[in-house]
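Summary of structural features
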Amino acid sequence: MSMNKEVKRVTTNTLQKMKAAGEKISMLTAYDFSFARIIDSAGIDVILVGDSASNVMAGHETTLPITLDQMIYHASSVIRGAERCLVVVDLPFGSYQSNSDIALASAVRIMKETGAHCIKVEGGEEILESVKKIVSAGIPVMGHLGLTPQSIYKFGTYTVRAKEEMEANKLREDAKLLEKAGCFAIVLEKIPATLAKEVSKSIKIPTIGIGAGSGCDGQVLVMHDMLGINTEFKPRFLRQYLNIHEMASKAVQQYVQDVKGGQFPNKDEQY
Ligand code: KIV
């Protein structure tokens, strides 16, 4: 998609201004050109090319298997469909945790090979050196605290995080550290709403919640869940706006029936 100069691109500064003005930030995931185009033209502020692609696009149980090359493929497809919104790309598991040089090299590949605008990483104090190095190279970084799916085998479950005071305190500190390290926003996933609200008030950068209540500065959902493409995942925080699974299934059943019954194609649908 060619860049339309009339369209004013959402930037990290826009998000900062939205928080200051009390305007909520809308974010959804996308993984391909066609859906990115629908979501972008519908007025979303941010598209996240999430490593949830590992689940909803590739059918893996966790986000761990997706590779940097695969994330680059998804992100470069999304960017061609996103004319107005800010596009953030997840650094996948294993591409930034070991040391900050590797983290920077991974982030640079995303920026160079996809044309995306920012990257996202999971974790707090443990990955701070990587965050600082990426930020100092001029690459905007979004943080991600609370339930961090890349650490699922450490947690053992996908239940609500930071209910205990010790974990809540670490999250409070991590949010401050990420802000100080230069992150432009932080995703807060599946933590108590009161904690998310408190953290959102304690930092100047926007928080984007998923299962973290209404006190965050914005909200994110996985596109496949909110559009009902994937209907098996039904956590309490999810609002399903459509049932594409059912609609598509009915359409395919009708098509099969039409082909088998000789009703498709008809005389107007041939040359
Ligand atoms: O990968 C993803 O989709 C995410 C969101 C759940 C925030 O990280």
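Residues numbered from 1 in each chain as written. Predicted model: local features only at pLDDT ≥ 70, side-chain atom pairs only at ≥ 80, totals over all residues. Heavy atoms only, no water.

Here's the deal with helix α9 (residues 193–202)
Of all the residues in α9, the buried ones are L195, A196, V199 and S200. The buried side chains of α9 occupy one side of the element, clustering within an arc of 135° when seen end-on. Set apart from the buried face of α9 by more than 90 degrees, the exposed residues are T194 and K201. Tucked into the core, α9 has its buried residues touching α1 (12–21), α8 (165–181), β6 (185–189) and β7 (207–210). (Buried < 20%, exposed > 50% of the residue type's maximum accessible area, 1.4 Å probe, protein only. Helix = DSSP H or I, 4+ residues; strand = E, 2+ residues; numbered from the N terminus. Arc of directions from axis to C-beta. Contact = heavy atoms within 4.5 Å.)

As for the site of the ligand
T29, L48, G50, D51, S52, D90, K120, H144, V187, E189, I210 and V222 make up every residue found near the ligand. Contacts to the ligand include D51, whose side-chain N or O atom sits 3.0 Å from an oxygen atom. One of the side-chain N or O atoms of S52 is found 2.5 Å from an oxygen atom in the ligand. Computed on the free molecule, the ligand has an accessible area of 260 Å², of which 95% lies beneath the protein chains in the complex. (Near = heavy atom within 4 Å. Polar contact = N/O pair within 3.5 Å; in protein donor to acceptor, adjacent residues only side chain to side chain. Areas by Shrake-Rupley, 256 points an atom, 1.4 Å probe, with all protein chains shown as cover.)

Notes on the packing of aromatic side chains
Considering all chains together, one arrives at two aromatic pairs under this definition. When the centroid spacing of 6.5 Å and the interplanar angle of 70° are considered together, the rings of F233 and F237 count as edge-to-face. A residue is classified by how much of its surface remains accessible, and F233, at 39% relative accessible area, is partly exposed. (Phe/Tyr/Trp six-rings, centres within 6.5 Å; stacked < 30°, edge-to-face > 60°.)

Re the domain arrangement of the protein
With domains assigned, the protein is organised as domain 1 (12–240) and domain 2 (244–271). Taking only C-alpha atoms into account, the centre of domain 1 sits 39 Å from that of domain 2. (Domains from an automatic or database assignment.)

Comments concerning the sheet that holds strand β8 (residues 218–221)
Here we have eight strands rolled up into a closed barrel, ordered β1-β2-β3-β4-β5-β6-β7-β8, and parallel in their pairing. Neighbouring strand axes in the sheet, compared pairwise and without regard to direction, differ in orientation by 25° on average. Where strand β1 (residues 25–29) meets β8, four bridges bridge the pair, whose relative direction is parallel. Residue pairing across strands places S26 opposite Q219, the latter belonging to β8. Relative to strand β5 (residues 141–146), α8 is tilted by about 175°, and along the sheet it contacts β5 and β6. (Pairing = 2+ DSSP bridges. Axes fitted to C-alpha atoms, helices over the stretch in contact; angles between N-to-C directions.)

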